[in-house]
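The lines below spell out each chain.
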Amino acid sequence: MPCADDEAGRIAGEARRALEICNACQFCDGYCAVFSALKSRSLVLAADLTFLSNLCHNCRSCYHACQYAPPHAFDLNLPKSLSLVRQQSYRDHVWPPVLRGRLPGAGWSFVAAVTLAAMALVALPAVLSLPAEVLFGRHDGPGAFYRLVPWGAIAGVAGAVMLWSLLAIGFSVASFWRGMGPAPAGAALWPALRDALRDAASLRNLGGGGAGCNDRDERFSQARRRFHHALFYGVGLCFAATGVATVYDHGLGWQAPYPLLSLPVLLGSVGGVGMVVGTAGLALLKRRADPGPVARSLTGGDCALLAQLFLVAASGLGLLAMRETAAMGPLLLVHLGLVLGWFATLPYSKFLHAPFRVAALLRAAMEQKHSPPLTRKRSLR
Amino acid sequence: MVFLPGWVEPLAGSLWEFDPVLGSFCAKAGALPCVAGLGPSQRRPSGSKAMAMTGVPYDCDVLVVGGGNAALCAAIAARRAGAAVLLLEAAPKALRGGNARHSRNMRVMHDAPTPWVRGRYPADDYLADLRRVAGNADDGLARLFVDASADIVDWLAGNGVRFQSCADEVLPYSRKTAFFLGGGKALVNALYATADGLGVAIRYDSTVRGLHLRDGAPAVTVGEPGVTVTARALVVASGGFQADSGWLRREWGEAADRFAIRGTPHATGIPLKALLDEGAEPVGAADRCHMVAVDGRAPPFDGGIVTRLDGIAHGIVVDRDGRRFADEGAVVGPSRYTAWGELVARCPGAVAISIFDAAIETRFRPSIFPAIRADSIGELARDLGISPPALEATVAGFNAAITGGGGTAGVDPPKTRLAEPITVPPFGAYPVRAGVTSTCLGVRVDERARVLRRDGAGLEGVYATGVVMAPNILGCGYLAGGAMTVGAVFGRIAGREAAAYALR
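Criteria and thresholds
Residues numbered from 1 in each chain as written. Chains lettered and ligands numbered in written order. Predicted model: local features only at pLDDT ≥ 70, side-chain atom pairs only at ≥ 80, totals over all residues. Heavy atoms only, no water. Helix = DSSP H or I, 4+ residues; strand = E, 2+ residues; numbered from the N terminus. Buried < 20%, exposed > 50% of the residue type's maximum accessible area, 1.4 Å probe, protein only. Areas by Shrake-Rupley, 256 points an atom, 1.4 Å probe, with all protein chains shown as cover. Rg over C-alpha atoms; globule rule 2.2 N^0.38 Å. Contact = heavy atoms within 4.5 Å. Lys, Arg positive; Asp, Glu negative; His and termini not counted. Charge placed at Lys NZ, Arg CZ, Asp CG, Glu CD. Expected span 1.5 Å × (residues − 1). Pairing = 2+ DSSP bridges. Buried area = accessible area lost by both parts, 1.4 Å probe. Salt bridge = Lys/Arg side-chain N within 4 Å of Asp/Glu carboxyl O. Polar contact = N/O pair within 3.5 Å; in protein donor to acceptor, adjacent residues only side chain to side chain. Nonpolar A, V, L, I, M, F, W, Y, C, P; charged D, E, K, R; others polar. Domains from an automatic or database assignment. Axes fitted to C-alpha atoms, helices over the stretch in contact; angles between N-to-C directions. Parallel < 35°, antiparallel > 145°, perpendicular 65-115°, else oblique. Left-handed = near helix turned anticlockwise from the far one by under 90°. pLDDT = per-residue confidence, 0-100. Phe/Tyr/Trp six-rings, centres within 6.5 Å; stacked < 30°, edge-to-face > 60°. Lys NZ or Arg CZ within 6 Å of the ring centre and 35° of its normal. Core = buried A, V, L, I, M, F, W, Y, C linked by side-chain atoms within 4.5 Å.

Chemist: Could you give an account of the overall build of chain B, naming the residues involved and the relevant values?
Modeler: Counting secondary structure elements, chain B contains 12 helices and 20 strands. Per-residue burial over chain B gives 58% buried out of 504 residues. A total of about 18500 Å² of accessible surface is found on chain B, and carbon and sulfur atoms cover 54% of it.

So, in structure tokens, the structure goes:
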């Protein structure tokens, strides 16, 4: 089990204690998938901690409904305990393995450093090689962007970084999948995958069993779920915009920038606005949230990802608004640098929560499909 | 005139009217609107104190003593009936809700499946279950209660409580009870939010020290130093007296010192005792408790459901002298918790030990506290502080007495079911104590939830709901989800009746 140091052991021990109390209570079993998955386990092993902590969407309904939450003597804080274990699991399954235990903590400094380095990588060659009248000049017509940064450089560097990141995420998820323990033998993968993707797309587990989650305090609300939808689908639309633009450029020979009412610009604008609204909303909710169920040490990393996504979207929208002015050059460099920085940090930041959670949802759906929860009691020892 | 600086913001119900369209209270035309900056629970009408015909000043129309399910239902019902309501919860806000915060479900009559309960649970079945546990409790009141339980789920849902869909496959099958989504604390949170939104004045950390019922209007003394609050009508919803160790010891002797109290430490029974002192007729029994077997390491209060020991029936149970004293296989269903609570409470020293081996241990849910383990029975006995030869003899005798059919022969007491030898090390043990849910002493009420004197007359303007009157329905018996229904049903009645009395 991930007991590299005392802190990891303490975190795992506390989460295990919490889950064992939860298993004896089960009052929260209507809130989310964690509790039905927990019910089938008499003992909480290290693999179960890895699985359950990533299945938890940190909606905090169970905290506000918990009769054992502080100031009770049991001092039970399941969302906080699981978020600490979850963070530990990102570090345990990072790829390449040489980084395991060596990545800096969950703060924002790592993300900030990589992003600044990426921005420098994009901006410096342009600043050093281009005369000021090009850098700060007005450019329009097809290929305007590429006069500042050649297409080959954009596609080559961003493509290489993205490829690395996807590879690293893939290996991380594979390691995480093994870390959840053996999958139920004979469980149907495809129907389970359909359920898992539906849960991920709808964020059913942020629904608090219907009325929403405890975004900020004991009151229920759908705000967090909606902001997350705005962000998630916003990112999706932006990738769709990039895809369409690639087809335009290489398939049809139409070079960017594209007119305002073109498909890439429309998709990118709506997606960008979604990302801005989503990240700002999530940050605001985080700021106003009841501090009780929150692990303070993780807030930095959470906010770093939100800030990255906000800046990527905001700089993209800014570029769109100012693309016919002298600010286009600097904005383009900033935007490309931010995107590159985001790509580079994907496998090493809070972003891992997305693929890990989908994997945990898939595991939960496979268990669910395998057999109904009440017949899956694991033997004790 | 009592003056309560910053403490009670009186509400005169007559200045507010219920708006059926908005579903909330609005100031009547001409009455002062909300004072700027004050939340809904502090809305203060133009007059500071309402005066009755007698010239007695009132701090509110209806005063609710208690802060659990029963109290909240009463406060909401009274507020919805137009009364200015003040609710006094002894606990701090973080621990509000009495024993309801540890509850899970509510037993309700229904003639057809609902979204919340499967099958049907007709009134006659409910009454039969009540008679089985409650014996000769008031039959007329029981009928009224059962009928009223039919729409209590809808009423609570209308007041913000969320129930778990019975289609949810994680729920155990139940045709008798509706489950609160998230459990009792979620119900408590929802009811407080509703009460607050309706304008019920809620005061936490407000322990009631005394009731004053003789000179006309009911009044209570709250807090230390005492402040007197006067009301037109009083609803007592303060639970049993299980948290008063002195009173418990008077009824149970020294055994009471070993009891764990499973719920709120604020159920000290002060209002109950005051009502009895004022001549209210007692119902139930002072020397009976609802209790279950809990891990002996449970906290002294508020351990709730998770300290229950699941697997007692699978191994053997010995007393502090290492001897078996009951048939562990006699009760293996849901009532095993209660059965063992009673048995352990009457053991020498009110403690017992559940003993099992590594094979038996796989058959039940472990305690939330680690088992005490040893490689031999003698070592285990030493760790437990009991005589090794005695425990060894008990285990050896038990093992030798096991027959093929899961029972025993030639050992006293026998184990009639689930008998398996205790032979596979490591051996394990849990200390066992009696965990008290609530006491079984209450006051007599009528069908309007009025508290009745021994002579049958009502205590003027005084109503009761919840565990303080539950023995009217449940006697000294226990019915899963029954007490929560009693609190809600009679809370609703008490609130409505108290408001009608106060505003008459």
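Chemist: Any chance you could break down the overall build of chain A for me, citing the residues and the numbers?
Modeler: In terms of helices and strands, chain A carries 14 helices and zero strands. A globule of 381 residues ought to have a C-alpha radius of gyration of about 21 Å, and chain A, at 23 Å, matches this closely. The principal-axis extents of the C-alpha atoms in chain A amount to approximately 70 × 45 × 40 Å. Expressed as a percentage of its 381 residues, the buried residues of chain A come to 52%. Nonlocal contacts in chain A, meaning residues at least 24 apart in sequence, comprise 75% of its contacts between residues at least 6 apart. Entry remark: accessible area of chain A is about 16500 Å², with carbon and sulfur atoms responsible for 68%. Each charge class in chain A was averaged separately, 35 positive and 21 negative side chains, and the resulting centres sit 4 Å apart.

Chemist: Which residues make up helix H5 (residues 184–198) of chain B, and what values do they have?
Modeler: All names here are of chain B. Taking 1.5 Å as the rise per residue, H5 with 15 residues should run 21 Å; its terminal C-alpha atoms sit 21 Å apart, in good agreement. Burial of H5 is extensive: 12 of the 15 residues sit out of reach of the surface. Every buried residue of H5 is listed here: Gly184, Lys185, Ala186, Leu187, Val188, Asn189, Ala190, Leu191, Tyr192, Thr194, Ala195 and Leu198. Immediately downstream of H5, the backbone of Gly199 shows phi near 100°, a positive value.

Chemist: So what about the pairing of strand E12 (residues 227–236) of chain B? Which residues, and what values?
Modeler: Residue and element names in this part refer to chain B. Counting buried positions along E12 gives eight out of 10 residues, so the element sits mostly inside the fold. When strand E5 (residues 60–65) meets E12, the two strands line up parallel, connected through five bridges. Pairing of Val64 across the sheet is with Val235, part of E12. In terms of strand pairing, strand E11 (residues 219–222) meets E12 through four bridges, oriented antiparallel. The partner of Ala219 across the bridge, within E12, is Thr230.

Chemist: Describe the interface of chain B and chain A, naming the residues involved and giving the relevant values.
Modeler: Contact with chain B, which involves 37 residues of that partner, is made by 36 residues of chain A. Roughly 2800 Å² of surface becomes buried between chain B and chain A when both sides are summed, with 59% attributable to carbon and sulfur atoms. Across the contact surface, chain B and chain A share two salt bridges. Taking the shortest distance from any N to any O, the salt bridge between Asp29 of chain A and Arg104 of chain B comes out at 3.0 Å. Between the two partners, chain B and chain A, sit 13 residue pairs in polar contact (both at pLDDT 80 or more). Top element by residues in the side of chain B that touches chain A is H5 of chain B. It accounts for four residues. Looking at side-chain class alone, the side of chain B that touches chain A contains 15 nonpolar, 11 polar and 11 charged residues.

Chemist: Before we move on, could you go through the side chain of His93 of chain A and cite the residues and values that matter?
Modeler: Note on placement: His93 of chain A falls in the loop between helix H5 (78–92) and helix H6 (109–129). Discounting chain neighbours no more than four positions away, the residues touching His93 of chain A are Thr50, Arg100, Ser172, Ser175, Phe176, Gly179 and Phe356 of chain A.

Chemist: Account for the domain arrangement of chain A, naming residues and giving values.
Modeler: Residue and element names in this part refer to chain A. On domain assignment, one finds that chain A holds domain 1 (4–95) and domain 2 (103–368). In this structure, domain 1 and domain 2 have C-alpha centres spaced 28 Å apart. Taken together, the contacts link 33 residues of domain 1 with 46 residues of domain 2. Counting the surface domain 1 buries against domain 2, the share from its top three residues, His57, Tyr90 and Trp95, is 25%. On inspection of domain 1 and its partner domain 2, the count reaches one salt bridge. Across the pair Arg41 and Glu367 runs a salt bridge whose closest N-O atoms are separated by 2.6 Å.

Chemist: Residues and numbers for the packing of helix H8 (residues 151–179) of chain A against helix H13 (residues 328–345) of chain A, please.
Modeler: Residue and element names in this part refer to chain A. The N-to-C vectors of H8 and H13 enclose an angle of 20°; their axes lie 8 Å apart at closest approach. Considering the angle they form, H8 stands roughly parallel to H13. Along the contact surface, H8 presents Ile154, Val157, Ala158, Val161, Met162 and Ser165, while H13 presents Leu336, Leu340, Phe343 and Ala344. The residue inventory of the contact of H8 with H13, partitioned by class, reads nine nonpolar, one polar and no charged.

Chemist: Which residues make up the packing of H8 of chain A against helix H14 (residues 353–370) of chain A, and what values do they have?
Modeler: Residues and elements named next belong to chain A. Between H8 and H14, whose axes approach to 10 Å, the crossing angle comes to 35°. Pair H8 / H14 crosses with right-handed handedness. In this structure, H8 uses Ile169, Ser172, Val173, Phe176 and Trp177 to contact H14, whose residues at the interface are Pro355, Phe356, Ala359, Ala360, Leu362, Arg363 and Met366. Considering only residue class, the contact of H8 with H14 consists of 10 nonpolar, one polar and one charged.

Chemist: How would you explain unusual backbone geometry if you had to name every residue and give the values?
Modeler: The linkage connecting Ala256 of chain A with the following residue, Pro257 of chain A, adopts the cis geometry, with an omega of -5°. By secondary structure assignment, the location of Pro257 of chain A is in the loop between helix H10 (223–251) and helix H11 (263–288). A positive phi angle, near 75°, is found at Arg60 of chain A, a position not held by glycine. Residue position: Arg60 of chain A is located in the loop between helix H3 (46–55) and helix H4 (61–64). With a phi close to 55°, Ala350 of chain B is a non-glycine residue in the positive phi region.

Chemist: Go over the confidence of the model for chain B with me, naming the residues and quoting the values.
Modeler: Residues and elements named next belong to chain B. With 89% of its residues at a pLDDT of 70 or more, chain B has an overall mean of 88. In this model, residues 1–54 is a region of pLDDT below 50 whose contacts with residues beyond four sequence positions or in other chains number 100 contacts. As scored by the predictor, the complex reaches a pTM of 0.90 and an ipTM of 0.90.

Chemist: I'd like to hear about the pattern of salt bridges, residue by residue, with values.
Modeler: Tallying each qualifying case throughout the model produces 36 salt bridges over all chains. Notably, a salt bridge pairs Arg96 of chain B with Glu218 of chain A, separated by 3.0 Å at the nearest N-O pair. Residue Arg96 of chain B is located in the loop between strand E6 (85–88) and strand E7 (105–107), and its partner Glu218 of chain A is located in the loop between helix H9 (189–202) and H10; the two belong to separate chains. Look at Glu218 of chain A and you get partly exposed, because its relative accessible area is 28%. The partner of Asp302 of chain A in a salt bridge is Lys350 of chain A, and the shortest N-O contact between them spans 3.4 Å. Of this pair, Asp302 of chain A sits in helix H12 (residues 296–322) while Lys350 of chain A is found in the loop between H13 and H14, placing the two residues 48 residues apart along the sequence. Among the ionic contacts, a cluster of salt bridges with common partners joins Arg194, Asp195, Arg198 and Lys369 of chain A.

Chemist: Mind laying out the packing of aromatic side chains, listing which residues take part and the relevant values?
Modeler: All chains considered together, the criterion is met by 25 aromatic pairs over all chains. A centroid spacing of 4.2 Å and a plane angle of 10° characterise the contact between Phe176 of chain A and Phe356 of chain A, whose relative ring orientation is stacked. With a gap of 180 residues between them, Phe176 of chain A in helix H8 and Phe356 of chain A in helix H14 connect regions that are remote in the sequence. Of the two residues, Phe176 of chain A and Phe356 of chain A, both sit in the buried class. Site record: aromatic cluster; members linked through ring pairs are Phe239, Trp342, Phe343 and Phe351 of chain A. Lying over the aromatic face of Tyr501 of chain B, Arg504 of chain B brings its terminal NZ or CZ to 4.0 Å of the ring centre.

Chemist: Report on the nonpolar core, specifying residues and quantitative values.
Modeler: Within the largest apolar cluster, 108 residues are counted, with the highest numbers of intra-cluster contacts made by Val62, Leu130, Leu156, Val220, Phe259, Leu275 and Phe490 of chain B. Among the elements that line this core, the one with the most residues is helix H12 (residues 482–502) of chain B, at 11 residues. Core analysis: the second largest hydrophobic core is formed by 100 residues, Tyr31, Leu78, Val235 and Met366 of chain A among them.

Chemist: Before we move on, can you summarise the environment of Val153 of chain B with the specific residues and values?
Modeler: Residues and elements named next belong to chain B. Residue placement: Val153 occurs in helix H4 (residues 152–158). On a C-alpha basis, the gap between Val153 and Val108 in space is 7.8 Å, while along the polypeptide they are 45 residues apart. Here Val153 is in contact with Val108, Trp116, Phe163 and Ala178, once residues within four sequence places are set aside.

Chemist: Can you lay out the environment of Val462 of chain B for me, pointing to particular residues and giving the numbers?
Modeler: Residues and elements named next belong to chain B. Mapped onto the fold, Val462 is located in strand E20 (residues 458–464). Counting along the chain gives 358 residues from Val462 to Arg104, while the straight-line C-alpha distance between them is 29 Å. For Val462, the residues in contact, after removing those within four places along its chain, are Leu213, Leu234, Val236, Leu275, Ala449, Arg450 and Val451.

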